[in-house]
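One-letter residues, chain by chain:
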Amino acid sequence: MNTAAERKHTFFANTVADEQEYVSKTIYNVDHFNLWYGDDQALYDVTLAIPENQVTAIIGPSGCGKSTFIKSLNRMVELVPSVKMNGSISYAGQDIFSSGYKVEQLRTDVGMVFQNPNPFPKSIYENVAYGPKIHGIRKKKVLDEIVEKSLKGAALWDEVKDRLQENASGLSGGQQQRLCIARCLAIEPDVILMDEPTSALDPIATAKVEELVQSLKKDYSIVIVTHNMQQAARISDKTAFFLNGEVVEFEHTDKLFSNPEDRRTEDYITGRFG
């Protein structure tokens with residue numbers, strides 16, 4: 001039989017191993033990343049590791065670089081002609097800016113949901129089937145399965161299963177946003193980026209999207225920009241506080257909101273500015 005000292009040693013060894021495994025499970029590693037729009041610098045020396053299968057919230061006042069940062073994670077920010085960058089962003093261990101990295105593959109692996117619901121002017125079914133069709137899937141049975149699975153994943157199937165051929169514009173705002181999430185799920189990403197996905201929704205629709213985000217993290221890594229600090233506190237595992245293009249603090253959400261290390265974080269979350 002092991003002695004108490006041996007059991008204690010084993011416990012601490014296992015705890016350290018578990019913690020090391022937990023820490024190592026990152027989906028994105030951002031290292032000294034800087035970004036300019038023309039001559040105006042928007043991000044300054046951003047360094048953080050985004051964990052896998054968790055919800056990471058990005059908070060901060062308007063104009064602090066939140067949306068610029070999240071759009072850098074799938075290189076959508078490059079659509080702005082004047083953008084310049086240095087530093088590195090690695091996704092699943094690969095530098096997304098390396099010459100051999102295909103941006104099309106990145107945007108398949110990393111889906112995005114925007115601030116305002118933007119369904120295509122098509123049927124509910126065709127909105128969800130659009131991505132798989134682009135990727136070459138043509139068999140109706142396979143598409144039917146993808147559409148059903150994606151709508152179920154977005155907690156929308158029961159509400160629309162008898163309306164699949166209706167135009168998506170007939171859905172409520174909250175349903176349209178969940179449809180956009182289903183459209184994202186249909187291409188089977190690993191990461192879902194969300195840029196203030198509930199800012200245009202009423203409280204009931206917001207609650208449904210928040211509940212959905214919590215259920216999705218078992219299968220996806222989620223990064224969400226939100227102006228709503230209470231939302232970040234409710235749904236995220238880790239939170240990064242951005243201010244003037246810098247990461248002031250990046251910590252487990254409970255700790256950041258209850259015991260922030262930086263005075264600027266405390267001032268922001270207590271409403272002294274922002």
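Residues numbered from 1 in each chain as written. Predicted model: local features only at pLDDT ≥ 70, side-chain atom pairs only at ≥ 80, totals over all residues. Heavy atoms only, no water.

Overview of the pattern of salt bridges
- On inspection of all chains with the given rule, the structure shows 13 salt bridges.
- Put simply, Lys152 and Glu148 hold a salt bridge, and the shortest N to O gap is 2.8 Å. On the criterion of helical spacing, the pair formed by Lys152 and Glu148 is a turn pair, its members being four residues apart in helix α5 (residues 140-153).
- The class of Glu148 is partly exposed, set by a relative accessible area of 29%.
- Between Glu166 and Arg163 there is a salt bridge, with the nearest N and O atoms lying 3.2 Å from each other.
- Here the salt bridges do not stand alone but share partners, grouping Arg263, Asp267 and Arg272 into one network. (Salt bridge = Lys/Arg side-chain N within 4 Å of Asp/Glu carboxyl O. Helix = DSSP H or I, 4+ residues; strand = E, 2+ residues; numbered from the N terminus. Buried < 20%, exposed > 50% of the residue type's maximum accessible area, 1.4 Å probe, protein only.)

A look at the confidence of the model for the protein
- Mean pLDDT over the protein: 91, with 91% of residues reaching 70 or higher.
- Contacts of residues 1-24 to residues separated by more than four positions or lying in other chains number four contacts, the stretch itself having pLDDT below 50. (pLDDT = per-residue confidence, 0-100. Contact = heavy atoms within 4.5 Å.)

Overview of the pairing of strand β10 (residues 246-252)
- Examined bridge by bridge, strand β9 (residues 238-243) and β10 share six bridges and lie antiparallel to one another. Opposite Lys238, over in β10, you have His252 as the bridge partner. (Pairing = 2+ DSSP bridges.)

Quick look at the packing of aromatic side chains
- According to the stated counting rule, one finds six aromatic pairs in the structure shown.
- Residues Tyr28 and Tyr91 carry aromatic rings whose centres are separated by 5.3 Å and whose planes lie at 45 degrees to one another, so their mutual orientation is tilted. Placement of Tyr28 in strand β1 (residues 26-37) and of Tyr91 in strand β4 (residues 83-91) is noted, with a sequence separation of 63 residues between them. There is no split in this pair, since Tyr28 and Tyr91 are both buried.
- Both rings, one in Phe33 and one in Phe97, keep their centres 5.9 Å apart while their planes meet at 5 degrees; by these two values the pair is stacked. Of this pair, Phe33 sits in strand β1 while Phe97 sits in the loop between β5 (94-95) and α3 (103-109), and the two are 64 residues apart along the sequence.
- A relative accessible area of 0% places Phe33 in the buried class.
- On the basis of relative accessibility, which here comes to 25%, the residue Phe97 falls in the partly exposed class.
- One aromatic cluster in this structure is built from Phe241, Tyr268 and Phe273.
- In this arrangement the basic side chain of Arg183 is found over the ring face of Phe120, its NZ or CZ atom lying 4.1 Å from the centre.
- The positively charged end of Lys238 is found above the aromatic ring belonging to Phe250, 4.4 Å away from the centroid. (Phe/Tyr/Trp six-rings, centres within 6.5 Å; stacked < 30°, edge-to-face > 60°. Lys NZ or Arg CZ within 6 Å of the ring centre and 35° of its normal.)

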